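Topology and contacts: notes
Okay, here's what each chain looks like letter by letter:
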Amino acid sequence: MAFVRIHGQSIDVDIESELQEFQWERARWSADKLIAASPFRYDKSPSFFVTLDGEYAGCWGDSGAYDAEWASGNFAKLLAFLRNESYEESEEYLIEMYGVPSEPGARLTLKLPKLQLIQRNRQTLKEDTLSSYSPEPNEYLRRRSIPDEIQRASGVHFSETTRAVVLPWRTASGKLANIKYRKTYGKTFWYAKGAEPIRNLVYGIERAATRTVLCEAEIDALSWRTAGFAAIAVGGVAFNRTKRDLIIRSPIEELIIATDNDKAGEKLRQEVEKEMRGYVRTRQAYIREECKDANEALVKYGVESLRGAVEKSERRSSLYVNLRTRSLGK
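Cut-offs and rules
Residues numbered from 1 in each chain as written. Predicted model: local features only at pLDDT ≥ 70, side-chain atom pairs only at ≥ 80, totals over all residues. Heavy atoms only, no water. Helix = DSSP H or I, 4+ residues; strand = E, 2+ residues; numbered from the N terminus. Contact = heavy atoms within 4.5 Å. Areas by Shrake-Rupley, 256 points an atom, 1.4 Å probe, with all protein chains shown as cover. Pairing = 2+ DSSP bridges. Axes fitted to C-alpha atoms, helices over the stretch in contact; angles between N-to-C directions. Buried < 20%, exposed > 50% of the residue type's maximum accessible area, 1.4 Å probe, protein only. Core = buried A, V, L, I, M, F, W, Y, C linked by side-chain atoms within 4.5 Å. Parallel < 35°, antiparallel > 145°, perpendicular 65-115°, else oblique. Nonpolar A, V, L, I, M, F, W, Y, C, P; charged D, E, K, R; others polar. Arc of directions from axis to C-beta. Polar contact = N/O pair within 3.5 Å; in protein donor to acceptor, adjacent residues only side chain to side chain. Salt bridge = Lys/Arg side-chain N within 4 Å of Asp/Glu carboxyl O.

All right, on to the overall build of the protein chain then. On a plain count of helices and strands, the protein chain comes out with 11 helices and 18 strands. Across the protein chain, the fraction of contacts at a sequence separation of at least 24, relative to all contacts at a separation of at least 6, is 55%. Accessible surface, the protein chain as shown: approximately 16,000 Å² in total, 47% of it carbon and sulfur.

Below you can see the structure in the form of structure tokens.
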């Protein structure tokens, strides 16, 4: 455990345990540092480090960063990237997970009210927010085996100014709730400011069908759609009751859980199955073990690899009791 600063307070965080949930290329672990290939770039050299202990615990640096914004930072920023969420949501996660010490040096037991993040009233975004971006299919997603028709049907746009793919997140009724911007070089991303937090949304829920695949990231959802399936994404490795209730209210009757091939993905897989038990039928689908996620499987092995994963998916419970009516108070 090591102390990291959040809102001017020190929180004792198990940094190594948090990092070990994710897949690292060419990782070298020591008592006080992780050295690995950068998670922000398509990189095979060990040019990235995270300090695990001491005065600078949680601080990281990337010697090959494409821009200064992603050359260094604190632990919350790194975790937000790894968990595919906003910086504020990452801070909330750390506060909820580790609490706040009741006195300096004490074991973490409580949350102090002053560390609670300010909750703001969020509104859906205006649809014309997308008007400044090109609605035409982009070459970046084509290279990742996402065809033009899937890009158009999913409302993907492209920002020429920032060279980023623009991925709209919508409410169940189709209103624009948030936007994810994903750089076409490297792996960095950001969300629209002042929009509905990703923790309150499910990507693609407005297009859910009775049989739908659940995955982690938006491009994985586009990959499953390329293979012919309805698909939603939770937007990272966190699943909560809000996301569960959105799925309960959707047309989904059978949920095919297909998370990434790493520890965080397996943890999410089990959490989704537990939370959805009794509300929808669930199946567990596994992509090829040498691939990290659905998009990598699509690029390397084509749509048949994803279709095969669904065909081989396992129903985890023979008992299904529809709890939707009671849950929704009808």
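Further notes follow.
Read from one edge to the other, the open sheet built from 5 strands follows the order β15-β14-β16-β17-β18, with strand pairing classed as mixed. Only two strands of the sheet have a single neighbouring strand rather than two, namely β15 (230-233) and β18 (314-315). Where strand β14 (residues 211-215) lies against β15, 4 bridges are found, and the strand directions are parallel. Of the residues in β15, the one forming a bridge with Cys-215 is Ala-233. This element, helix α6 (residues 218-226), spans β14 and β15 of the sheet and lies at about 175° to β15.

Turning our eyes to something else, we now look at the environment of Arg-143. Here Arg-143 is to be found in helix α4 (residues 139-143). We classify Arg-143 as exposed; its relative accessible area is 52%. Between the alpha carbons of Arg-143 and Val-299 there is a distance of 8.3 Å; along the sequence they are 156 residues apart. Once you skip the residues sitting within four places of it in the chain, Arg-143 turns out to touch Thr-184 and Val-299.

Moving on, we come to the nonpolar core. Formed by 66 residues in total, the largest nonpolar core has its most connected members in Ile-15, Leu-19, Leu-94 and Trp-224. No other element matches the 6 residues that helix α2 (residues 75-83) contributes to this core. Apart from residues lying up to four places away in sequence, Ile-15 is in contact with Ala-2, Val-4, Thr-51, Leu-52, Ala-57, Gly-58 and Phe-75. In terms of nonpolar packing, the next biggest core, distinct from the first, is built from 17 residues, Ile-232, Ile-257, Val-272 and Tyr-279 among them.

For the pair α6 and helix α9 (residues 294-301), interaxial distance at closest approach is 8 Å and the crossing angle is 45°. Classified by the angle their axes make, α6 and α9 are oblique. Within the contact between the two elements, α6 uses Ile-219, Asp-220, Ser-223, Trp-224 and Thr-226 and α9 uses Ala-294, Asn-295 and Leu-298. Tallied by class, residues from the contact of α6 with α9 come to 4 nonpolar, 3 polar and 1 charged.

Turning to α9, its buried residues are Ala-294, Asn-295, Ala-297 and Leu-298. All buried residues of α9 fall inside an arc of 160° around its axis, so they share one side. Looking at the packing, one finds that the buried side of α9 touches α6 and α10 (303-311). Where α9 begins, the capping side chain belongs to Asp-293, and its oxygen is found 3.3 Å from the backbone nitrogen of Asn-295.

For the rest of this paragraph, the subject is α2. Among the 9 residues of α2, 9 are classified as buried, and the element is accordingly described as predominantly covered. Within α2, the full set of buried residues consists of Phe-75, Ala-76, Lys-77, Leu-78, Leu-79, Ala-80, Phe-81, Leu-82 and Arg-83. Measuring from the side-chain oxygen of the N-cap residue of α2 to the backbone nitrogen of Ala-76 gives 3.4 Å; that N-cap residue is Asn-74. Positive backbone phi, at 60°, marks Asn-84, one or two positions downstream of α2.

Once that is clear, we can look at the pattern of salt bridges. Under the defined criterion, the tally for this structure stands at 26 salt bridges. The salt bridge partner of Lys-44 is Glu-25, with a shortest N-O separation of 3.9 Å. In this pair, Lys-44 sits in the loop between β4 (33-36) and β5 (48-51) while Glu-25 sits in the loop between α1 (15-19) and β3 (28-29), placing the two residues 19 residues apart along the sequence. Since its relative accessible area comes to 58%, Lys-44 is described here as exposed. A cluster of three or more residues bridged by salt bridges with shared partners is formed by Arg-241, Arg-244, Asp-245 and Glu-275.

Another aspect to go through is the environment of Ile-287. Looking at the element boundaries, Ile-287 is found in the loop between β17 (281-284) and α9. Relative accessible area serves as the criterion here: at 8%, Ile-287 is assigned to the buried category. Sequence separation of Ile-287 and Gly-308 is 21 residues, and the distance between their C-alpha atoms is 8.5 Å. When near neighbours in sequence (up to four residues on either side) are disregarded, Ile-287 contacts Trp-224, Asn-261, Lys-292, Asp-293, Ala-294, Ala-297, Leu-306 and Ala-309.

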